[in-house]
Amino acid sequence: MAVSDKECFHCGQAVPEGASYTVTIEDKPRDMCCTGCEAVAQAIVDNNLTDFYKHRTDKSATVENLVPDELRDLQVYDDETLQQSFVRSEEGGAIREASLILEGIVCAACVWLNEKHVLGLKGVLDFKVNYSTHRASLKWDNNQIQLSDVLKAITNIGYHAHPFDVARLDNLQKKEKSAALRRIAIAGIGMMQVMMLAISLYIGDSSDMTDSMRNFLRWISLVITTPVLLFASRIFFVSAWKDIKRWQLGMDVPVAIAMGAAYSASVWATVTQSGEVYFDSVTMFTFFLLTGRYLEMIARHKAGQVADALVRLTPTTALRINNGKQETVAVSELELGDIVLIKPGETIPTDGVVSEGKSSV
């Protein structure tokens, strides 16, 4: 389409040749590039908001620029060429399957929520999440829903999904492990320091410790516990808040309530100089819970690595016997009833029944 030398008064883009979209602003006819800009500008004029054009520091955003960067990134996965690398199609290409990786899964409730939410989308035929590997299997009708719509729906409930990629998965696991170790280190250091102060307070209750010294130790415990709660325990509170916003009760909700209540009661006791403090319990609970989750994460990573290793062991080709002749075909092309020749030392490409010969596996 040819363009003129005119510039759209609203968005700044070139006005197409022959276009006749105008809006009178400040007693002057202003050229517009499309009906969208014309409608928006007219609405601004009708509501006596033309000062907007006097005070703005840049041209107004176009419809394309109003699309969030995150959503635009997800829309890339709708590209047919890109999908060839990770999507399997059937029934003329309408029914499609893909493997996804979900970030933010911390418990079985997260798995249930994602499955329930995605399966409720029109056009999604099947969606299953493996809690051990955080990998999901998605099957959808591309005529009814796009892959980016499914990924956006997952993002809307506080999780992040993207097509399975080995390199990206390894990178995510390294980041997850590094972040977990930092949280454990902060919680561990804080726990040791607060426990030493707590022992002094316990001994002081049965000795002649002065009130000023007792209050001093409590304030020091508060100072040490606060970064543990804000940094190391933050993962529990963030997850709990997501669950509460969705009116769901995940395992992090009672954890966050218990830790928040213990910390708040201890702060109150420290400020008012009355009652008991539980800073040692908060830091110790945080440390042990984070350590347990770290061990669970390591086991999950190893389970995923074993599963990936088993997949890599599966050969990509097989030697099929067709009318007495041997032909090399892709394993995916094998059908029920095919006869496959397995030579000594080769990996068995698929399940089957031995029809002739003897060997050992």
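Parameters at a glance
Residues numbered from 1 in each chain as written. Predicted model: local features only at pLDDT ≥ 70, side-chain atom pairs only at ≥ 80, totals over all residues. Heavy atoms only, no water. Core = buried A, V, L, I, M, F, W, Y, C linked by side-chain atoms within 4.5 Å. Buried < 20%, exposed > 50% of the residue type's maximum accessible area, 1.4 Å probe, protein only. Helix = DSSP H or I, 4+ residues; strand = E, 2+ residues; numbered from the N terminus. Contact = heavy atoms within 4.5 Å. Salt bridge = Lys/Arg side-chain N within 4 Å of Asp/Glu carboxyl O. Phe/Tyr/Trp six-rings, centres within 6.5 Å; stacked < 30°, edge-to-face > 60°. Axes fitted to C-alpha atoms, helices over the stretch in contact; angles between N-to-C directions. Parallel < 35°, antiparallel > 145°, perpendicular 65-115°, else oblique. Left-handed = near helix turned anticlockwise from the far one by under 90°. Nonpolar A, V, L, I, M, F, W, Y, C, P; charged D, E, K, R; others polar. Pairing = 2+ DSSP bridges.

**A short note on the nonpolar core**
Reasoning step 1: Ranked by internal contacts, the top residues of the largest apolar core, which has 27 residues, are L102, F127 and L138.
Reasoning step 2: Listing elements by their share of this core, those giving two or more residues are β6 (95-103), α5 (108-119), β7 (124-130), β8 (135-141) and α6 (147-156).
Reasoning step 3: Discounting residues that sit within four places of it in the chain, L138 has contacts with R96, E97, A98, L100, V118, V124, D126, F127, L147 and V150.
Reasoning step 4: Listed in part, the 25 residues of the second largest apolar core include A187, L222, M259 and V277.

**Re unusual backbone geometry**
Reasoning step 1: The phi angle at Q273 is positive, at roughly 60°, despite the residue not being glycine.
Reasoning step 2: Within the fold, Q273 resides in the loop between α10 (252-272) and α11 (279-313).
Reasoning step 3: Positive phi is not limited to glycine here, since N323 has a value of about 55°.
Reasoning step 4: Within the fold, N323 resides in the loop between β10 (317-322) and β11 (325-330).
Reasoning step 5: The class of N323 is exposed, set by a relative accessible area of 75%.

**Focus on the pattern of salt bridges**
Reasoning step 1: Enumeration over the complete set of coordinates arrives at 8 salt bridges.
Reasoning step 2: Across the salt bridge formed by R300 and E176, the nearest N and O atoms sit 2.9 Å from each other. Of this pair, R300 sits in helix α11 while E176 sits in helix α7 (residues 166-205), placing them 124 residues apart in sequence.
Reasoning step 3: Look at R300 and you get buried, because its relative accessible area is 9%.

**Concerning the packing of aromatic side chains**
Reasoning step 1: One pass over the full model with this rule turns up 2 aromatic pairs.
Reasoning step 2: Each ring, one from Y263 and one from F279, has its centre 6.2 Å from the other, and the planes form 70°; the classification is edge-to-face. Note that Y263 is positioned in helix α10 and F279 in helix α11, a separation of 16 residues in sequence. The pair formed by Y263 and F279 is uniform in burial state, with each residue classed as buried.
Reasoning step 3: Their ring planes at 65° and their centres at 5.5 Å tell us that F287 and F288 sit as a pair that is edge-to-face.

**Observations regarding the packing of helix α8 (residues 211-232) against α10**
Helices that pack against each other are described as a pair by the angle of their axes relative to one another and the distance between those axes.
Reasoning step 1: Following both chains from N to C, one finds α8 and α10 inclined at 155°, their axes separated by 10 Å at the closest point. Regarding the angle of α8 to α10, the classification is roughly antiparallel. Viewed along their axes, α8 and α10 form a crossing whose handedness is left-handed. In this structure, α8 uses R218, W219, L222, T225, T226 and L229 to contact α10, whose residues at the interface are M259, Y263, V267, A269, T270 and V271.
Reasoning step 2: Class assignment of the residues belonging to the contact of α8 with α10 gives a composition of 8 nonpolar, 3 polar and 1 charged.

**Brief notes about the sheet that holds β10**
Reasoning step 1: With respect to topology, 3 strands assemble into an open sheet ordered β11-β10-β12, the strand pairing being antiparallel. Whereas interior strands pair on both sides, the edge strands pair on one side only; in this sheet they are β11 and β12 (339-341). With strand direction ignored, the average angle separating the axes of adjacent strands in the sheet is 45°.
Reasoning step 2: Alignment of β10 against β11, held across 6 bridges, turns out to be antiparallel. Within β11, the residue paired with R320 across the bridge is E327.

**Concerning the pairing of β10**
Reasoning step 1: Following β10, the chain reverses through 2 residues before pairing antiparallel with β11; N323 in that reversal takes a positive phi of roughly 55°.
Reasoning step 2: For β10 and β12, the ladder comprises 3 bridges, and the chain directions are antiparallel. For R320, the partnering residue across the bridge sits in β12 and is V340.

**Overview of α6**
Reasoning step 1: Where α6 is concerned, the buried positions are L147, S148, V150, L151, A153 and I154.
Reasoning step 2: Positive phi appears at G158, one or two residues downstream of α6, with a value of about 100°.

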